[in-house]
Amino acid sequence: MRTIHQPLTRIMTSIYTSTFKTTPPTANTYKSLFRRSVFGLLALAWSHGTWAYTGTGTAEDPYVINGSNTATNWTYLKTVMGLGGYIRLDANCTDGTKSSDHYLDVPLYITVVLDLHGKTINRNLTSAIENGFVIKNSGYLTINDSGTGGTIKGGFNTGYGGGIYNIRRKITSTYTGTVEINGGTITGNKASDGGGIYDKYEGATSISPSFTINGGSINNNIAEGNGGGIWTDTNMKINSGTISYNTAGGNGGGIYGAQSLDINNCNINHNSATNG
């Protein structure tokens, strides 16, 4: 059985920082630190008699989500996306809580390379909630699908972005909030704007694309306002893929773009919007 030494290191670091921030270490403190780290690791790795994930998060040894309980898989996927690294799905992940804080989050400066591997990530929302998107990205996110039929679905947001909500920022000289999609399907998501994808810059535009699509499909998403498939006001580049059967109550059934769109090779068809 492979152990998860990188998450353990991060757990130890987090606990050590919170424990010793204001209190000098003692022998009992070290014992408490050890117990909390061990039990934290066990809680991280074990669920209902099955290992929820293995791996160390490197390209050679990615985190592998492989539990038999899809709701538990969601929780562990949320955990490792917060840690950053390479992730592969060997099992489906379904949000079992449907709470507004249970979306998948790639935090600021964190890099995640997510391989759907033919599996489904399902937010599982049947009515709109605040923060009802499936994935929020403030860091650096790449989505691949080395299998067949990898899917991101089930977002239903009262605000912006049903499938992926991307925030582009410039902090000093560094740009954050970049997404690259190389495969998989974003489908069955709903939002006020950007049913499938909402790509927003805050405070500054950038020359390099913040959102690049090299493959995959964005289909059957719905926006009450603009951008049934995609809403963007950053620099977006589409090199390949399909955008189809998306619907908008306002403008842009397939794509609504307020900034720079560079489309080289993409099938855009059967999208509809009330205002065109």
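Quick notes on the rules
Residues numbered from 1 in each chain as written. Predicted model: local features only at pLDDT ≥ 70, side-chain atom pairs only at ≥ 80, totals over all residues. Heavy atoms only, no water. Pairing = 2+ DSSP bridges. Helix = DSSP H or I, 4+ residues; strand = E, 2+ residues; numbered from the N terminus. Phe/Tyr/Trp six-rings, centres within 6.5 Å; stacked < 30°, edge-to-face > 60°. Buried < 20%, exposed > 50% of the residue type's maximum accessible area, 1.4 Å probe, protein only. Lys NZ or Arg CZ within 6 Å of the ring centre and 35° of its normal.

Caption draft 1: How the structure looks around the sheet that holds strand 25 (residues 247-248). Strands sit in the order 17-21-25-29 across an open sheet of four strands; the sheet is parallel. Strands at the two margins of the open sheet, each flanked by one partner only, are strand 17 (190-191) and strand 29 (272-273). Taken together, the two bridges between strand 17 and strand 21 (residues 222-223) define a ladder with parallel strand orientation. Bridge pairing links K190 to I222 in strand 21.

Caption draft 2: Representation of the sheet that holds strand 4 (residues 63-65) within the structure. Taken together, nine strands build an open sheet; the order of strands is 3-4-5-8-11-15-19-23-27 and the sheet is mixed. The open sheet has two edge strands, strand 3 (53-54) and strand 27 (261-263), and neither has a second partner. Where strand 19 (residues 211-213) lies against strand 23 (residues 236-238), three bridges are found, and the strand directions are parallel. Bridge pairing links F211 to M236 in strand 23.

Caption draft 3: Spotlight on the packing of aromatic side chains. Using the criterion set out here, one finds six aromatic pairs in the structure. Judged by centre distance (4.4 Å) and plane angle (15°), the ring pair of Y198 and W231 falls under stacked. Placement of Y198 in strand 18 (residues 197-202) and of W231 in strand 22 (residues 230-232) is noted, with a sequence separation of 33 residues between them. A relative accessible area of 10% means that W231 is categorised as buried. These aromatic residues form a ring-pair network of at least three members: Y103, F133, Y160, Y165, Y198, W231 and Y256. In this structure, K78 packs its charged tip against the face of Y103, placed 5.2 Å from the ring centre. The side chain of K200 reaches across the aromatic face of Y201, ending 5.7 Å from its centre.

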